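Take a look at the letters that make up each chain.
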Amino acid sequence: MQYEQDQIAHAKIKPTVIQNGISIEPLTRKAHLFPLTNEGEAGALAYKWQDFYFRYDLKCTSEIRGLNLDTIGYVNYQSNSTQDFAIIKEFDEIEKTRSGTGFVVHPEGIIVTSAQIVFGANRIDVELDGIEYQADIIGYNPNSDLAVLKIQAEGLTFIPIAEANQIELAEEIRVLRHSLSNALEEELEITAGTVTEFVEEEEARLLQIDAAINPEDRGGPVLDNQGRVLGVASTFHRGEEIPNTGFAIAAETVSQMLSDLVIPIAQSNSETPLNEMEFNKRTKPAIARIKVQAATGGFRFVPNIVNYHSSMDTTGSKREKNRESSRMVVDAYGKIQLHKGQEGLPYRLGSIGKIGLERLSQTGEKEWKTEEETLIAESEVTSKWFLVNPGLVISGSQKKLTPPDKLKIYHPAVIRTSYKIVSKTNNSTKVEKKYSLITLDKKTGNKPYLEITGKGTFEFNKEEGYPTTGTMNYKITQYHKPSNRHITLPVTLNYAYLEFGEELKFMTAMNNGTAREYVKNVGR
């Protein structure tokens, strides 16, 4: 978003501000607020849930030692136009507020924070040096996990931003934030560490630091001993977690975003370290506590209750069929807020109720990505049957981060997915999808318990508001306890939209045991 070029923010041009020997130009243009709408930007893909019904068949195949393994099934989705007060009440109890940290970069109320914190914001309150303000979003980039806020204030203490050539490996850093643990205290928390590595990603350069970044730390500044911003603490860019390690979006990405918004940037060339008293004086008044009231699904989210019915038949399964009827609360961009289902696809590929529910960009970007944390239950099957039918071991879905079953062993994991629009026609958009799931603990050979990587595409019908086909090719590597080694499987997952006549034929074939022949005949 750019500042509107034809609107002057001030009746007269204000003078340059000098603070602690650091100068910064005044704001000269009115902020263009980031649109908070349920429909997203023009051109954004979106599901059309209202009074809707659609269905998919699915096929999941793999091969090990010459043995073909497959799962076939179907899922029917139907929007629930009636008010289900029980599930709405449960949805209402999902976290509606969140908090994090931000910091002032311009004395006229410009604050930088994490995009994760303000996503889905209906209201943003900023507490700064004991005073509370209401904030607007004027810049938002979910790919780099940065957001820029504007509050109505002047004369604020601001923090200068370091230039790229001022950041060095092994440099001492301090992470400042408002932690949830000290919400009632005035003192900020400070964590010390060093820059250990530079990580180049498509959207931004990252600083790897030897200080852990927790969810409440995100959005806080990573500062050098001169009180300059080296980066912004982020939990979005984590991949494989390493103890006492965190990541920050490098300062040059922050500077670029501010430049795009035509916001003057304060920079300091001083190489003289600040003593503790001076460091606190210059930085602490500029650290903001961000409090967000949000409808968790997205900007001004309206919950859509979706019922689904599914059935699966797996080669070698001792169960006759895996059936499930359940419901979800999902937004127009495929983000599931509440999921009542328990039935999972084979090979840890998620819930069967999520087939065809691809995550979309609500702001119409050509590229976007998501990240979520989950728990992976360690398989209870440890016999040599794994070598014959790995589906007996690698099965089930991910659990939400809720109190787990105490009788099972769970492994924390991070799921990261990236999307890129690769082609468009009049009604259809083709999207490339890359997926990874990795558990955060290690087994033999310093490898994770489970790692899944995948790549594929899906087609989305923009006019009708649903995906028509999807294909993913996965490589799944899981630790096998009896043999004390990791075993890798290739897996392919396909789904396709079923027309009404096809749906009846397929459901009949599932019921009478001829579904595999049906799938083969229609070329799935």
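Position of Ser-234 among the secondary structure elements: in strand E14 (residues 229-234). Engagement of the side chain of Ser-234 in a polar contact is seen with the side chain of Asp-145, the distance being 2.7 Å. Each residue touching Ser-234, except ones within four places of it in the same chain, is listed here: Gln-116, Asp-145, Ile-213, Arg-218, Phe-247, Ala-248 and Ile-249.

With that settled, consider the sheet that holds strand E13 (residues 221-223). The strands making up a sheet are joined through hydrogen bonds of the backbone, oriented either antiparallel or parallel. Strand order in the closed barrel formed by six strands is E10-E11-E12-E15-E14-E13, and the pairing between neighbours is antiparallel. Averaged over all adjacent pairs, the angle separating strand axes in this sheet is 45 degrees, with direction ignored. By the bridge criterion, five bridges tie strand E11 (residues 189-200) to strand E12 (residues 205-209) in an arrangement that is antiparallel. Within E12, the position partnered with Val-195 by the bridge is Ile-209. Helix-sheet contacts for helix H3 (residues 251-260) involve E12, E14 and strand E15 (246-250), and the interaxial angle to E15 is about 40 degrees.

Let us look at the side chain of Arg-228. Structurally, Arg-228 can be placed in the loop between E13 and E14. Of the residues examined, Arg-228 reaches a relative accessible area of 1% and is grouped as buried.

On to the nonpolar core, then. Of all hydrophobic cores here, the largest spans 69 residues; its most connected members are Ile-124 and Val-126. Sort the elements by how many residues they give to this core and strand E8 (residues 131-141) lands first, with five residues. Beyond its immediate stretch of four places on either side in the chain, Ile-124 contacts Val-118, Tyr-133, Gln-134, Ala-135, Ile-137, Leu-149, Ile-290, Lys-291 and Val-292. By size, the runner-up hydrophobic cluster in this structure holds 50 residues, among which are Trp-49, Val-306, Tyr-449 and Leu-450.

Going through the model one piece at a time under the given rule, you end up with nine salt bridges. Asp-125 is the partner of Arg-123 in a salt bridge, and the nearest nitrogen-oxygen pair spans 3.0 Å. Owing to a relative accessible area of 8%, Asp-125 belongs among the buried residues under this scheme. Lys-291 is the salt-bridge partner of Glu-127, the closest N and O atoms lying 3.9 Å from each other. One end of the pair, Glu-127, is in strand E7 (residues 121-128); the other, Lys-291, is in strand E16 (residues 287-294), and 164 residues separate them in sequence. On the accessibility criterion, Glu-127 (25% relative accessible area) is partly exposed. Through salt bridges with shared partners, a single network forms among Glu-127, Glu-132, Arg-289 and Lys-291.

Attention shifts here to the environment of Gln-478. Looking at the element boundaries, Gln-478 is found in strand E24 (residues 466-480). C-alpha of Gln-478 to C-alpha of Tyr-449: the two residues are 29 residues apart in sequence and 5.7 Å apart in space.

Moving on, we get to the confidence of the model for the protein. Put simply, the protein has an average pLDDT of 76, and 72% of its residues get 70 or more. Mean pLDDT values over the elements of the protein span from 52, in helix H1 (residues 85-92), up to 96, in strand E6 (residues 110-113). Scored below 50 in pLDDT, residues 1-12 makes 35 contacts in the model with residues more than four places away or belonging to other chains. Between residues 35-42, whose pLDDT stays under 50, and residues either more than four places distant or in other chains, the model counts 21 contacts.

Attention shifts here to the packing of aromatic side chains. All chains considered together, the criterion is met by 12 aromatic pairs. When the ring of Tyr-56 is compared with that of Tyr-497, the centres are 6.3 Å apart and the planes differ by 80 degrees; the resulting orientation is edge-to-face. Of this pair, Tyr-56 sits in strand E3 (residues 53-64) while Tyr-497 is found in strand E25 (residues 485-497), placing the two residues 441 residues apart along the sequence. Of the two residues, Tyr-56 and Tyr-497, both sit in the buried class. Measuring from ring centre to ring centre gives 5.4 Å for Trp-368 and Tyr-419, while their planes differ by 15 degrees; the resulting arrangement is stacked. Remark: Tyr-419 occurs in strand E21 (residues 410-424) and Trp-368 occurs in strand E20 (residues 367-377); sequence separation between them is 51 residues. Pair check on accessibility: Trp-368 and Tyr-419 agree, each one buried.

Let us now look at unusual backbone geometry. In terms of backbone geometry, most residues other than glycine have negative phi values and most peptide bonds are trans. Located in the positive-phi region is Asp-145, a residue other than glycine, with phi close to 60 degrees. Relative to the helices and strands, Asp-145 resides in the loop between E8 and strand E9 (146-150). A positive phi angle is found at Val-262, which is not glycine, with a value near 60 degrees. For Val-262, the location among the structural elements is in the loop between H3 and helix H4 (276-283).

A surface patch of like charges, here positive, comprises Lys-48, Lys-366, Lys-424 and Lys-462. Residue placement: Lys-424 occurs in strand E21.

Another point: the pairing of strand E18 (residues 322-330). Along any regular strand the residues' side chains alternate between the sheet's two faces. Note: strand E17 (residues 304-314) against E18, nine bridges, orientation antiparallel. Opposite Val-306, over in E18, you have Met-328 as the bridge partner. Where E18 folds back on strand E19 (residues 336-339), the antiparallel hairpin that results is connected by five residues, among which Gly-334 adopts a positive phi of roughly 80 degrees.

Calculation rules
Residues numbered from 1 in each chain as written. Predicted model: local features only at pLDDT ≥ 70, side-chain atom pairs only at ≥ 80, totals over all residues. Heavy atoms only, no water. Helix = DSSP H or I, 4+ residues; strand = E, 2+ residues; numbered from the N terminus. Polar contact = N/O pair within 3.5 Å; in protein donor to acceptor, adjacent residues only side chain to side chain. Contact = heavy atoms within 4.5 Å. Pairing = 2+ DSSP bridges. Axes fitted to C-alpha atoms, helices over the stretch in contact; angles between N-to-C directions. Buried < 20%, exposed > 50% of the residue type's maximum accessible area, 1.4 Å probe, protein only. Core = buried A, V, L, I, M, F, W, Y, C linked by side-chain atoms within 4.5 Å. Salt bridge = Lys/Arg side-chain N within 4 Å of Asp/Glu carboxyl O. pLDDT = per-residue confidence, 0-100. Phe/Tyr/Trp six-rings, centres within 6.5 Å; stacked < 30°, edge-to-face > 60°. Patch = residues over 30% accessible without salt bridge, like charges linked within 9 Å, V, L, I, M, F, W, Y side chains within 5 Å. Areas by Shrake-Rupley, 256 points an atom, 1.4 Å probe, with all protein chains shown as cover. Lys, Arg positive; Asp, Glu negative; His and termini not counted. Charge placed at Lys NZ, Arg CZ, Asp CG, Glu CD.

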